[in-house]
Amino acid sequence: MSDRKRPAPGVRTTLNRDYIAAVALTVIDEAGLDGFTMRKLGAALGADPMAAYRHFTDQQDLFDAIAAAMFAELEMETLPWQEDWPELMRTYAYRLRSTLRRHPNAVPIFATRPVRSATSVETGNWMLERLQGVGFPAAIALQLARCLREYVIGHILSHTVATVAAQRGRKPAADSTHHARIAAVDAVTNTDHFEIGLTAMLDGFGKHLD
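Residues numbered from 1 in each chain as written. Predicted model: local features only at pLDDT ≥ 70, side-chain atom pairs only at ≥ 80, totals over all residues. Heavy atoms only, no water.

Visitor: Account for the layout of surface pockets, with residues named and values stated.
Guide: Each pocket or cavity is described by its volume, and for the largest pocket that value is around 570 Å³. Lining the largest pocket are 21 residues, and of these S120, G124, A145, R146 and R149 lie nearest its centre. Those elements that provide at least two residues to the lining of the largest pocket are α4 (85-102), α6 (118-133) and α7 (138-168). Across the lining of the largest pocket, the residue classes tally to 13 nonpolar, four polar and four charged. (1 Å grid on protein atoms, 1.4 Å probe; cavity = no way out; pocket = protein on both sides within 12 Å on 5 of 7 lines; lining within 4 Å. Points joined across faces, edges and corners; volume = space filled by probe spheres on them. Helix = DSSP H or I, 4+ residues; strand = E, 2+ residues; numbered from the N terminus. Nonpolar A, V, L, I, M, F, W, Y, C, P; charged D, E, K, R; others polar.)

Here is the structure:
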């Protein structure tokens, strides 16, 4: 993703939606979502803090673009589309998890909005066509894709609670203590229930083909 990095000092880059979203993501990576401001974004861009609003209608529009930038990191076109469907979906799930792990502070952005970029729509259609091609009814294929996305996001959110809290140097909020405790146990024991849950989900959906 080198083309998404900030330019070297003294190099002037023409502002556009993709570039601004990529830089905003780096700011959130460094400052946290609560610490993100348009002033910090402007400083990172080397531009007026309000310059981004010439490309985005509001901050929510910017956050939509950040979610799209995170999705682009999945490089969906390089998934093993010719492999058996469980391998395709497993690779997708692990790749999504890896991407979200790289941006723990931005996980809430990705989790709370659908990605409607052209790449997302196109590869989403590829995935549904691939699943229907092996025999899944259209409705079940859509459920499988959605369930995997929700499972990965939910799994990452439970770990993010502990990660972000640790970065801030405080304990997680009371309503997230249970999830933080699970994440902490996984970290200490070097275990991870992600594979167990993923396998159970794929096996369960596979029964629709029996």
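Visitor: Tell me about the pattern of salt bridges, residues and numbers included.
Guide: Throughout the structure, instances matching the rule amount to four salt bridges. Note that R102 is salt-bridged to E73, the shortest N-O span being 2.9 Å. Separated by 29 residues along the polypeptide, R102 in helix α4 and E73 in the loop between α3 (59-72) and α4 bring together distant segments of the chain. Accessibility expressed as a relative area gives 45% for R102, which makes it partly exposed. What makes E73 buried here is its relative accessible area of 12%. (Salt bridge = Lys/Arg side-chain N within 4 Å of Asp/Glu carboxyl O. Buried < 20%, exposed > 50% of the residue type's maximum accessible area, 1.4 Å probe, protein only.)

Visitor: So what's going on with the side chain of T123? Which residues, and what values?
Guide: Along the chain, the position of T123 falls in helix α6. Of note is the side chain of T123, whose polar atom sits 2.8 Å from the backbone oxygen of T119. Apart from the residues within four sequence positions on either side, T123 is in contact with F71, M76 and W81. (Polar contact = N/O pair within 3.5 Å; in protein donor to acceptor, adjacent residues only side chain to side chain. Contact = heavy atoms within 4.5 Å.)

Visitor: Could you give an account of α6, naming the residues involved and the relevant values?
Guide: Under the 1.5 Å per step criterion, the end-to-end length of α6 is 22 Å for 16 residues, consistent within 8% with the ideal 22 Å. The set of residues buried in α6 consists of S120, T123, M127 and L131. An end-on view of α6 places all buried positions within 80 degrees of arc, on one side of the element. When the buried face of α6 is taken as reference, the exposed residues oriented beyond 90 degrees from it are A118, E129 and G133. (Expected span 1.5 Å × (residues − 1). Arc of directions from axis to C-beta.)

Visitor: Describe the packing of aromatic side chains, with residues and values.
Guide: With the rule as written, the count across this model stands at five aromatic pairs. Arranged with centres 5.0 Å apart and planes meeting at 75 degrees, the rings of Y94 and F194 form a pair that is edge-to-face. Here the residue Y94 occupies a position in helix α4, and F194 occupies one in helix α9 (residues 194-206), the gap between them amounting to 100 residues. Geometrically, the ring pair formed by Y151 and F194 is stacked, given 5.4 Å between the ring centres and 25 degrees between the ring planes. One end of the pair, Y151, is in helix α7; the other, F194, is in helix α9, with 43 residues separating them in the sequence. Y151 sits in the buried class, given a relative accessible area of 17%. Three or more aromatic residues joined by ring pairs form one cluster here, namely Y94, Y151 and F194. Lying over the aromatic face of F194, R97 brings its terminal NZ or CZ to 4.3 Å of the ring centre. (Phe/Tyr/Trp six-rings, centres within 6.5 Å; stacked < 30°, edge-to-face > 60°. Lys NZ or Arg CZ within 6 Å of the ring centre and 35° of its normal.)

From the geometry alone we can't say anything about function, so treat these as descriptive.
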